[in-house]
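Here is what each chain is made of, one letter per residue.
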Amino acid sequence: MIHFFINPISGCILVFLVLLTYKLKKHTHSSRKEQEDFWNKELAANTTRKKSLDSLHYITIPTETLPLFHKNNEKFKKYETEIEKLSDKKIVNFSGITNTDLKLEYGAANLSLLSEYDQNYTDLVRLLYQWGTALSKEGFTKEAICVLEFGIECQTDVSGHYKLLCSLYQQENTPDKIQDLVTAALQLNTITQRPILTYLMSQLSSEQNIS
C-alpha cells in the first residue's frame, strides 16, 4: 500500500491558491459586469434626445444683498467684478452627478451647455470662499459671514469654507449657528462631506464642553 503525505505548509499554500484563484475569477467577472453595465448606460445616454432645461435649479446671485463696495475698495474690487460677471450667467450645481447621468436626464446634445453651467458653479463657490476670506482678514466680519452664508446656500463642498464660517460664528459669539452648518453639510453628496461633518461635530462638542 502506498501512502501519500501532504506537508501542512504545502496544504495551506494549496488552500490559499485555490481561494486566491476563486476570488480573482469572481473579481474579474464582477469587473466585466460593471464595465458592461457602464457601456450599456453610456450608449443609452448618448442616444437620449435633447430635453428642456427649464426645470433645472438655477442659482441666482443676490447682488443687492451681498456686501459690494462698488469697487471703492481696491482690495475687494476683483471679487466684486467677478461676482457681477457671474450674476449674468446661468449657474447650476451638478456636484456628484456624472456626465453619463446628465446625458440620460437631459440629452447628450445638452452636455456642453450643462458643463458650462457646472463650471460657472465651480467658479462661484471658489470666488465666494476667496472673497469671504479676504473680507475676514481685513476685519469685515459681518460682510464675510454674509458672503460665506450664501456659499452654504449654494451647497458648496469646500471644507475651508465651512471651517472659516464656523470660526467666525465662534468669534461673533453665535456658536449655535454651527448646527446650521451641520444641517447643510448633511445634504452634500461629495467626498468632502465626511471630513466637513467630522470637523463641525468636533467644534460643537468643544462648545458644549465650554458651556
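Computed from a predicted model, the values in this text were never measured in an experiment.

Enquirer: Honestly, helix H6 (residues 159-171) in this entry has me stumped. Any pointers?
Expert: Each α-helix turn comprises 3.6 residues. Residues three or four places apart therefore point the same way. Taking 1.5 Å of rise per residue, the 13 residues of H6 would be expected to cover 18 Å, and the 19 Å separating its terminal C-alpha atoms lies within 8% of that figure. Taken as a whole, H6 has its buried residues at Gly160, His161, Tyr162, Leu164, Leu165, Cys166, Leu168 and Tyr169. Positive phi shows up at Asn173, right after H6, with a value of about 60 degrees.

Enquirer: Looking at this structure, how should I read the packing of aromatic side chains?
Expert: Both the distance between ring centres and the angle between the ring planes are used here to describe each pair of aromatic rings. Under the defined criterion, the tally for this structure stands at 4 aromatic pairs. Taking the centre distance of 5.4 Å and the plane angle of 25 degrees together, the rings of Phe69 and Phe76 count as stacked. Its relative accessible area of 23% is what places Phe69 among the partly exposed residues. Seen in terms of ring centroids, Phe76 and Phe140 are 5.5 Å apart; in terms of plane orientation they differ by 85 degrees. Their pairing is edge-to-face. Remark: Phe140 occurs in the loop between helix H4 (111-137) and helix H5 (141-153) and Phe76 occurs in helix H2 (residues 74-86); sequence separation between them is 64 residues. Taken together, Phe69, Phe76 and Phe140 form an aromatic cluster joined through their ring pairs. Between the NZ or CZ atom of Lys163 and the centre of the ring of Tyr199, over which it lies, the distance is 5.3 Å.

Enquirer: Help me understand the confidence of the model for the protein, please; the structure alone is not making it clear to me.
Expert: Caution is warranted with low-pLDDT regions, since their predicted coordinates should not be read in detail. Per-residue confidence for the protein gives a mean pLDDT of 87, with 81% of residues at or over 70. Scored below 50 in pLDDT, residues 1-6 shows 1 contact in the model against residues more than four places distant or in partner chains.

Enquirer: Looking at this structure, I do not really get the packing of H6 against helix H7 (residues 178-185). What am I missing?
Expert: Between two packed helices, the angle of one axis relative to the other and the distance separating the axes together describe the packing. In the contact formed by H6 and H7, the axes pass within 9 Å of each other and the chain directions differ by 160 degrees. It follows that H6 is roughly antiparallel to H7 by the angle criterion. With respect to the hand of their crossing, H6 and H7 are arranged in right-handed fashion. Of H7, the residues touching H6 (which contributes Tyr162, Leu165, Cys166, Tyr169 and Gln170) are Ile178, Leu181, Ala184 and Ala185.

Enquirer: Please explain the nonpolar core as it appears in this structure.
Expert: Soluble globular proteins tend to bury their nonpolar side chains together. Counting residues in each nonpolar core, the largest one holds 40 residues, and the members touching the most others are Ile83, Leu124, Trp131, Tyr162 and Leu200. Residue assignment for this core shows that the elements contributing at least two residues are H2, H4, H5, H6, H7 and helix H8 (193-210). Ranked by residues supplied to this core, first place goes to H4 with 8 residues. In contact with Ile83, other than residues within four places in its own chain, are Ile61, Leu66, Leu68, Leu124, Leu127, Leu128 and Trp131. Core analysis: the next-biggest nonpolar cluster, separate from the first, contains 9 residues, Leu53, Val92, Phe94 and Leu111 among them.

About the cut-offs
- Residues numbered from 1 in each chain as written.
- Predicted model: local features only at pLDDT ≥ 70, side-chain atom pairs only at ≥ 80, totals over all residues.
- Heavy atoms only, no water.
- Helix = DSSP H or I, 4+ residues; strand = E, 2+ residues; numbered from the N terminus.
- Expected span 1.5 Å × (residues − 1).
- Buried < 20%, exposed > 50% of the residue type's maximum accessible area, 1.4 Å probe, protein only.
- Phe/Tyr/Trp six-rings, centres within 6.5 Å; stacked < 30°, edge-to-face > 60°.
- Lys NZ or Arg CZ within 6 Å of the ring centre and 35° of its normal.
- pLDDT = per-residue confidence, 0-100.
- Contact = heavy atoms within 4.5 Å.
- Axes fitted to C-alpha atoms, helices over the stretch in contact; angles between N-to-C directions.
- Parallel < 35°, antiparallel > 145°, perpendicular 65-115°, else oblique.
- Left-handed = near helix turned anticlockwise from the far one by under 90°.
- Core = buried A, V, L, I, M, F, W, Y, C linked by side-chain atoms within 4.5 Å.

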